[in-house]
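Listed here are the chains, written in short residue letters.
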Amino acid sequence: MATATHTPATLVPLEDRHVYEAFALIDDNRAFLGEWMPWVADHTTVEDTLFMIQRGVAQFTRREGVLAGSWDDGKLAGLTQHVDVDYQNGNTRVTVWLGKAYQGRGLASRAMRSIMRYSFTQMNIERVEFRCTANNQRALTMAERLGFVREGTLFSALRVGERRRDVALYSM
């Protein structure tokens, strides 16, 4: 995997060397991220982060997508990745999240544009899905601003802690 420099708002595939910075970002934003993402509660150690990164590297090596960091002025701001790549049908789902301090600055939109461009041009994907909890207004607004079409709501589709959450389904 090529090493890239971290210029403002760049997307760089994660490698093992990013493990401590990635874990610190997750750990520092645990309460914030835990409102939206169920995996955060079980992601509690540096080893969990290393396992996630190594899965991402293997995914990239097999051309099944990318797990990338969103970098802002040399600091890891968040992560974006492909989930459920289906080459036979030309589909994938992408996720994106940022630490609380990086919200509202357009970084998530830039990360989504980058991973969508990669999906369409490098992976020859024809359909990209994005899902977010139906009450995550920032994510809903971002999806619509980027041109995603809301296909519907998956009712009670996600358990976050003890609560069930509706999930908005978007595609492009």
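To start, this report covers the structure provided alongside it. Only a predicted model underlies this, so the values are computations on that prediction, with no experimental measurement involved.

## Describing the overall build of the protein chain
So, point 1. Scanning the protein chain from terminus to terminus reveals five helices and seven strands.
So, point 2. Listing the helices and strands of the protein chain from first to last along the sequence gives β-α-α-α-β-β-β-α-β-α-β-β.
So, point 3. A compact globule built from 172 residues should have a C-alpha radius of gyration of about 16 Å, and the protein chain, at 15 Å, falls within 12% of that.
So, point 4. Looking at the 172 residues of the protein chain, the share that counts as buried comes to 43%.
So, point 5. A separation threshold of at least 6 residues defines the contact pool for the protein chain, and within that pool the share at least 24 residues apart is 58%.
So, point 6. As presented, the protein chain carries roughly 9000 Å² of accessible surface, and 50% of it is formed by carbon and sulfur atoms.
So, point 7. Taking the 21 positively charged and 20 negatively charged side chains of the protein chain as two groups, their mean positions are separated by 5 Å.

## Quick look at a positive patch on the surface
So, point 1. A surface patch of positive charge is lined by R110, R113, R117 and R145.
So, point 2. For the positive patch, the leading source of residues is helix α4 (residues 107-121), giving three residues.
So, point 3. For R110, the position within the fold is in helix α4.
So, point 4. Overall, the relative accessible area of 38% leaves R110 in the partly exposed class.

## A few points about the pattern of salt bridges
So, point 1. Counted according to the given criterion, the structure contains ten salt bridges.
So, point 2. Between R105 and D72 there is a salt bridge, with its nearest N and O atoms 2.2 Å apart. Of this pair, R105 sits in the loop between β4 (91-98) and α4 while D72 sits in strand β2 (residues 67-72), placing them 33 residues apart in sequence.
So, point 3. Residue classification places R105 among the partly exposed positions, given a relative accessible area of 41%.
So, point 4. Classification of D72 as buried rests on a relative accessible area of 9%.
So, point 5. We note a salt bridge from R127 to E151, for which the minimum N-O separation is 2.9 Å.

What counts and what doesn't
- Residues numbered from 1 in each chain as written.
- Predicted model: local features only at pLDDT ≥ 70, side-chain atom pairs only at ≥ 80, totals over all residues.
- Heavy atoms only, no water.
- Helix = DSSP H or I, 4+ residues; strand = E, 2+ residues; numbered from the N terminus.
- Rg over C-alpha atoms; globule rule 2.2 N^0.38 Å.
- Buried < 20%, exposed > 50% of the residue type's maximum accessible area, 1.4 Å probe, protein only.
- Contact = heavy atoms within 4.5 Å.
- Areas by Shrake-Rupley, 256 points an atom, 1.4 Å probe, with all protein chains shown as cover.
- Lys, Arg positive; Asp, Glu negative; His and termini not counted.
- Charge placed at Lys NZ, Arg CZ, Asp CG, Glu CD.
- Patch = residues over 30% accessible without salt bridge, like charges linked within 9 Å, V, L, I, M, F, W, Y side chains within 5 Å.
- Salt bridge = Lys/Arg side-chain N within 4 Å of Asp/Glu carboxyl O.

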